[in-house]
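# Understanding the architecture of this molecule
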Amino acid sequence: MENNYDVIIICFANPTFDARTINLVKTLIKYKRKVALVTPDYDVIPDYISPNDYYKCKINLDQKVRHSQKEFTKSVKKLKLSGKFVHAGDFYSLAAAKFIKMKYKAKLIYDSREIYSQLNSLKDRTFARKLIEFREKYLVTYVDKIMVTADVDAAYLKKLFMHTIPYNIIKNLPPKQELFESNFLRDRFKISSEKIILLYQGWVLEGRGLNALIRAMESIDFAELVIIGDGEYLNSLKELVNKEGLESKVHFTGLIPYNELSNATISADIGIVLFEDTSISYQNALPNKLFEFIQSALPVITSGQNTMREVVENESIGLTIDKVESSDLLKAIQKMSDVTTRNNFKKNILEIRDKFTYETQEIEILKVYS
Amino acid sequence: MKIKILYIILFLLPILVQSQWLNKWEKVNIAGRYSQEAYLDVFFLPSNRNLGWICGFNSQVSFTTDGGDNWETVRVDPNNNIQLESIHFTSPNIGYTSGTNSENSLAGAIYKSIDGGRTWVDISPMLRQFYSIWGCYFYDDNSGVAVAGLVGCDTQIFFKTTNGGQSWTQRRYEIRSGTKLSDVHIDGNTGYGQAISSGYVWETTDFGDNWEIDFTTGPIDWAEELAYQDSSFIIPIAEGCQGDFAGYGGMLFTTDKGKTIQSKILENTVNMYGSFLINKTSGWVCGFDKSVYFTCDAGNNWENLNCGIEGDLDDIFFIDDTTGWVVGDDVYRTRNVTEVNKVISRDTVYICRGEVAELKIQPPDNLPKTVWTNCGRGNSYYTGDDGEYRAFAYASPCDTAFIYDFQVIYYPDYTPEIQSSSSNYLCEGDTIRLTVDTFYQSYLWNTGDTTSYLDVYESGNYIVQTTSPDGCIKFDTTNIVFNPPPKPNILPLTKNNFCIGDSIILQSEFDHHIYRWYNNASELISNTKTITVKDEGNYKLIAESEFGCIDSSSSYFVSVIIDSNRLSIEYTITNSFTFDTLTLGKKTCQKVRITNTSNVDYQLQLIKLRDKYYFAAPPSDLPKLGPFETAEFEICFEGDSTGNFEDIVEIPDICSPHFFTVDGVVAPFNFEALSKCDVPWTFTSIRIDKKHIFESSAPYPNPSNSSLAISYMEFTPKENVQMKVYIYDSKGIRVGELERRISGIEYYSNGKLERGEYIAETNLPTGIYFIVIEGNDNTESKPIVITR
């Protein structure tokens, strides 16, 4: 067999920033699996995999996703990669992965890290949503195992797909991180030591509560907000900040590579994770940023989705708000401004953070690829 | 055109290994065949593949008892020419065949044999004049269903018998668009069954008593055969409700009960009548014009594999992967593929479970086509499953092909099992060695270690991945918990530095599984949580947790002083100080004597009352008693209801405090009077209701230099009363306020009882001041001297 990889990981996301792909590849390599990584060409070279095993597909990314996806599938076919397992890292990689499964009888693993037909970006696009749902239902019939991030996703997809494919829950957990002192954000934005740093990190998209968060900053003098990440909503937020004259309180970093992210995260005081209940995908959200904050020992303020509430309230590591509104956020931030409150949450985080590391899932990952 | 019903029982057969490709058919001579008209159905008994039956026109049934090498033929009904469409045996001797009179399409008939097909009796449901009968199926020797219809496609009838055809019940259905039933099957264990008619598949869940439409198959075209497995159906079709349109023929394949249907339409009146499903994606159909089509991809592709066949066909049946039968104008069976093709190679491929094997052939150029028994094409085939695989390289299906056989075998599964060097509970500080068998080629622990063992010091999940001598990777995991030590700590419950003869109570701060107390001489003195110690020295507690983890407390030094109490008091806990009986609403004070029995002065300390509700202790300005001097102090008693009252007085002393009980009785008072009618009345009091009670001690210390306080006890009914305590100087000017500090609250049905102190830190100059207590409706003042 040509190539003869143990696992071929196909992912549409940028391999430098996509934590889930990075952690998966690293874990498989740790366990001596011969791994190939295939992504669109983002003009980056990931440092966690040998260049010989990284395949980038030159496609036009400046067009509608479905067109890019088709190009990507064609491009992957031309690579003629074979292996025991082919891993579709997202919905957009599934067609390409299906080809390898059919051609080389590889076992197909589908990482349904989101409910793709219920993405927030599709909430007003019924036809597109139905199209994705239809396509996903078809492609899933070729899948041998499905990976999801939480039980609720598995339950939803089981109903949607009506099949008996086994599910494996691989949570969005970050690798175990050593705690260290960092003034990364404080130095970068010249934030005084008296001020608290509120941190949002992740994709900057509509529905992530960022509007309300920025508006809450109008009434706060004891803290500054840093937004790490990029996304289609970034410019709107910058406009809002300018319009409200909040430039001195709200800072944007843009994307930070995953391997440098912890240095920034750990230098904040409070992590913020917000999802508005605008889509099923958001309602079931249990994002990696929550666990990244836990690894960095940051108390958190999160929206009240059951998935997050379960972690935040059961472990007593922060506050949840019922509604993603400025007033609720303001109250939570004010409450969290008390250093004793933060220290109590932090103490709890330090006790439980070992539970929420990617390493705890290694055995589950080995089970998926065996 | 002849309409033929074909029938298959694939359900009782094992799943066939797919060696269907490139079968060659050979014609079989049927002895005694008296009619040259076509055979319409073929059936072999699953439990004995030597027993087979075929039936057809002119009431003709042939049977074999040697797997088809030799046949005998009988006429089922000498008086009628029955077009026998279906034949089915439930056991070697008992079987049924059904069909319709060729001369009268409304004369359906069903016959039963109890001697393996040699003789038959007519068991038709009713007079054979009103309906046609097509297929029948018996799920045991006596119980079965026959499908029938009235004229054309109007009414559908399910006849059912449970007594071998002695009597029948029937269920009739009409479909608006018209249809015609042809075939039926019922699972004798579950009662679930399906039937097929033109354009529809039916289902029953009660052994055929009731039926309903399960799904539609498309246009109302004649579908003569029911062949299904779970949700997969392979359906032969002929155009028109009865297949008599002389239009197209074809086949349908669905794997999801009709939600999606792959159809292949054959033009030129090539009607299809028989079908056989190998598995959920592979099967056959046969029909007119020597058509024997095979698909192995759920109907996406079909290939006519009819080498050796002439004429029209009506039914097809496979006993196993090399033995198939197809009947029609003639009877054919498959020839063993290895007889008609050439076996080139036999290879064995070993793989680890979970791996994919590439099976590769290199046929000569003159055999450009390749097909694998698992439906693959091309010279390479990938599989992750063990088993036998066969590839055919050929130029055309009827030529001799090269056969390449492969056997894929899994290497043995050597799954590691992590063994622990200790089966006991582990404690922090322990070390444990995890091991796996040593025959593996390599090891990889999640810690990065690559040895066959791992020494572990910390709690966590440990994973080992092993590579077997064959190169197969497996893993095992174990969770190791090192339990924390119990961390014992000694708490003194009573005063240390006590007088000789007294004792101290030491207690473990936390609960533990086992306690071991050691004295100064390292002797084990107790195994209880609490110990009483009289001797001076260091004491240590060694505790053991439920997991066997042991830890020691730090030493606790018990100090004993050589001294004795100074005071003598004539009352004790058991020998109480008793007040004279008090009348309700009155108050009394009585004196208690204290004697300094030592030859040195002794300053009396604050005398405390435990409850301080009905009894009042003396103020804090207590005297100093000279050697052997006796003093008295006063305890007051006031009850607000009748009954017995009790409190405990504590008087501090050098070594240990003195305790004694005070008690008193409040008696009711009686009120006697005469009513207007000179009737005497007597009232007895029970309780005095007070809305608010505030009792306070004298200020202390008195004189004071900087801080001063008063103790208070306050009963507050439900309405709240806020007492204020101020300091006034001798001129009546308010110079300060005392802060209220609550030490305890008790709640009662009629209010709450609160105790505590009013305290102030003051810089007032030396002088006489007054503590003024202000309530809602009364004010009380108490003098105090402040000295600087």
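Our structure is the block above this text.
Here goes a summary of the coordinates provided.

The rules behind these values
Numbering of residues begins from 1 in every chain and follows the order in which that chain's sequence is written. Labels follow written order: the first chain is A, the first ligand is 1, and so on. The predicted origin of the model limits local features to residues at a pLDDT of at least 70 and limits the giving and counting of side-chain atom pairs to 80 or more, whereas totals for whole chains, interfaces and linings rest on all residues. Side-chain metrics rest on all non-hydrogen atoms present in the structure, leaving aside hydrogens and water. The contact criterion used is simple: two residues touch if any of their non-hydrogen atoms lie within 4.5 Å. A quick way to say it: buried area is the sum, across both parts, of accessible area lost when two parts are put together, with a 1.4 Å probe. Note on definitions: salt bridges are taken to be side-chain nitrogens of Lys or Arg within 4 Å of carboxyl oxygens of Asp or Glu. Numbered from the N terminus, helices here are DSSP runs of H or I no shorter than four residues, and strands are runs of E no shorter than two. Only protein chains enter the area calculation, which uses a 1.4 Å probe; residues under 20% of their type maximum are buried, those over 50% are exposed, and those in between are partly exposed. Two strands are counted as paired when DSSP detects at least two bridges linking them. Two N or O atoms form a polar contact when they lie within 3.5 Å of each other; inside protein one atom must be a possible hydrogen donor and the other a possible acceptor, and for residues adjacent in sequence the pair counts only when both atoms belong to side chains. Distance thresholds for patches are 9 Å for like charges and 5 Å for nonpolar side chains (Val, Leu, Ile, Met, Phe, Trp, Tyr), applied to residues having over 30% relative accessible area and no salt bridge. Surface accessibility follows the Shrake-Rupley procedure with a 1.4 Å probe radius. Residue values consider only the protein chains on display as shielding. Note that His is not counted, nor are the chain ends; the positive residues are Lys and Arg, and the negative ones are Asp and Glu. Lysine's charge is taken at NZ, arginine's at CZ, aspartate's at CG and glutamate's at CD.

## Looking at the interface of chain A and chain B
On the chain B side, the residues contacting the 18 residues of chain A number 15 residues. Taken together, the two surfaces of chain A and chain B that pack against each other cover about 1600 Å², and 64% of this comes from carbon and sulfur. Across the contact surface, chain A and chain B share one salt bridge. A salt bridge links Lys84 of chain A to Glu355 of chain B, with the shortest nitrogen-to-oxygen separation between them at 3.1 Å.

## What to know about the pattern of salt bridges
All chains considered together, the criterion is met by 40 salt bridges over all chains. For Lys176 of chain A, the salt bridge goes to Asp354 of chain A, with nearest N and O atoms at 3.7 Å. Here Lys176 of chain A is found in the loop between strand S7 (167-169) and helix H6 (184-188), whereas its partner Asp354 of chain A is found in the loop between helix H14 (339-352) and helix H15 (362-368), with 178 residues between them in sequence. Take Lys176 of chain A: its relative accessible area is 46%, and that puts it in the partly exposed class. Of the residues examined, Asp354 of chain A reaches a relative accessible area of 43% and is grouped as partly exposed. When the shortest N-O distance is used, the salt bridge between Glu570 of chain B and Arg593 of chain B registers 3.9 Å.

## Focus: the pairing of strand S19 (residues 232-238) of chain B
Residues and elements named next belong to chain B. Of all seven residues that make up S19, seven are buried, and the element is covered over most of its length. Burial of the side chains of S19 extends over both faces: Ser232, Ile234, Pro236 and Ala238 are buried on one face and Phe233, Ile235 and Ile237 on the other. The pairing of strand S18 (residues 228-229) with S19 spans two bridges and is classified as antiparallel. Each residue of the ladder has a partner; that of Gln229, found in S19, is Ser232. Here S18 hands over to S19 after two residues, with Asp230 in that stretch at a positive phi of 55 degrees. Where S19 and strand S20 (residues 249-254) come together, six bridges link them in antiparallel fashion.

## Regarding the side chain of Asn519 of chain B
Residue and element names in this part refer to chain B. Positionally, Asn519 belongs in the loop between strand S46 (514-518) and strand S47 (524-526). Residue classification places Asn519 among the buried residues on the basis of a relative accessible area of 17%. Within the local environment of Asn519, its side chain forms a polar contact with the side chain of Glu523, the two groups lying 2.9 Å apart. Filtering out sequence-adjacent residues up to four positions away, Asn519 remains in contact with Ile525, Asn538 and Tyr539.

## Section: a positive patch on the surface
Residues and elements named next belong to chain A. A cluster of basic residues, Lys64, Arg66, Lys70, Lys74, Lys77, Lys78, Arg125 and Arg135, forms a positive patch at the surface. If one sorts the elements of the positive patch by residue count, helix H2 (residues 65-79) sits on top with five residues. By secondary structure assignment, the location of Lys74 is in helix H2.

Any functional reading would require information beyond the geometric quantities listed.
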